[in-house]
Amino acid sequence: MVRFLSDALTPKQARIAALLKLEGAKRGVEVEITCRHYMHVSDILDMYGVSYRCFGQYGLTVYEKLVYGIERQRELAEVARQVDGMLGFPSPDAARVVFGLGKPVLVLNDTPHATQVNRLVIPLSEALVAPAAIPEEMWRPYCPRKVVTFDGVFEYMWTSRFKPDESVVKSLGLEPGGYVVFRPEERYAAYYKWEYTELRIKLARAVEGLGYNVVNVPRYPDQVLEGAINLTRAVDHLQLAYFSAGVITGGASMATEAALLGVPALSYFPQSYYVDRYLAEKGAPLYRCDSLETCLSSLREMLRRGRSAPIRLEDPAGIIFDAALSAVSR
């Protein structure tokens, strides 16, 4: 049996790793999941009932990112000795040890703007799997050996398998359709250089003024929002989004998930994001804004229009495993 290491560093990557493990088992492929201690990552893996090993922590400063990463590499090396390659989103630590052991690295990615991580990982890879919506020239600065594309987004892997369960939100005391979900910006990521705290707080107050509860899912302790329902331990974010009136985020993943489920979603991430435009053109209720004025306007518009039918895309699971198995067979 072919074995891959998948190092999950974020909740989104945890979902991908869990699904790769479950789907891989149907194809005779074993996926060994590792993770670091970071808000909601192990919670997501527990939801899927998959085995994993979690060690190391997230660094807030560039020095911490470097030192904590070096410390993790020693433990990852022991796991990497037992696998045939790496399969997953860019993990500099996992890529370093897998490449150092002379084994292939297969990277999944939809964030060409994550410059530091991409420069460390993509040049070491045998192949890069990415949504076709992202122009291939966006990857060229990272020198990928091969780019494999698909007509969809990674989030479709789990939204297309989603089954609504109202009891999840009821258990939190929430009324379906009576709340808006907030997911703050990734303020401590190496690529994030902006300050949107004030905008986020004003948007939350506007939502409350429209008669909705604010359900906040912070990435970091300093993003807890006074007066909101703050979820510091993960519930299933898909259930939370599905039964909401809408989702607002400073990133992309939760907005993408919501829009794929037909739930209106708004992202105030300040840079152009190819996948957002792609989904909007496909008919997903995904909105973008870059100032308080445009965000308030988009907020009112998305809540007025409400839900739409989920769109259908290409599931990338088969393409991912074909590319991974091709890489280890060389």
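Up top is the structure these notes are about.
**Student:** Provide a residue-level description of the packing of helix α3 (residues 62–80) against helix α4 (residues 92–100), including the pertinent values.
**Tutor:** At a minimum axis separation of 9 Å, α3 and α4 run at an interaxial angle of 50 degrees. Taken together, the axes of α3 and α4 lie oblique to each other. Here α3 runs over α4; the crossing is right-handed. Contacts between α3 and α4 involve G69, R72, Q73, L76, A77 and A80 from the first element and D93, A94, R96, V97 and V98 from the second. Within the contact of α3 with α4, the residues separate by chemical class into six nonpolar, two polar and three charged.

**Student:** If you had to explain the side chain of Q239 to someone new, which residues and values would you point to?
**Tutor:** Inspection of the secondary structure puts Q239 in helix α9 (residues 237–242). Relative accessible area serves as the criterion here: at 6%, Q239 is assigned to the buried category. Not counting chain neighbours up to four residues away, the residues in contact with Q239 comprise F162, K163, P164, D165, V168, V169 and Y179.

**Student:** Any details on the pattern of salt bridges? Residues and values, ideally.
**Tutor:** In this structure the tally under the stated criterion is 23 salt bridges. The shortest N-O distance in the salt bridge between E155 and K12 comes to 2.9 Å. On the criterion of sequence distance, the pair formed by E155 in the loop between β7 (147–150) and α6 (156–159) and K12 in helix α1 (residues 11–26) is long-range, its members being 143 residues apart. A single burial state applies to E155 and to K12, both of which are buried. In this structure, D236 and R15 form a salt bridge, with 3.0 Å as the shortest nitrogen-oxygen distance. Linking D236 in the loop between β10 (229–230) and α9 with R15 in helix α1, this pair joins segments that are 221 residues apart in sequence. A relative accessible area of 3% places R15 in the buried class. Linked through salt bridges whose partners overlap, the residues forming this network are R3, E30, E32 and R53.

How each quantity is defined
- Residues numbered from 1 in each chain as written.
- Predicted model: local features only at pLDDT ≥ 70, side-chain atom pairs only at ≥ 80, totals over all residues.
- Heavy atoms only, no water.
- Axes fitted to C-alpha atoms, helices over the stretch in contact; angles between N-to-C directions.
- Helix = DSSP H or I, 4+ residues; strand = E, 2+ residues; numbered from the N terminus.
- Parallel < 35°, antiparallel > 145°, perpendicular 65-115°, else oblique.
- Left-handed = near helix turned anticlockwise from the far one by under 90°.
- Contact = heavy atoms within 4.5 Å.
- Nonpolar A, V, L, I, M, F, W, Y, C, P; charged D, E, K, R; others polar.
- Buried < 20%, exposed > 50% of the residue type's maximum accessible area, 1.4 Å probe, protein only.
- Salt bridge = Lys/Arg side-chain N within 4 Å of Asp/Glu carboxyl O.

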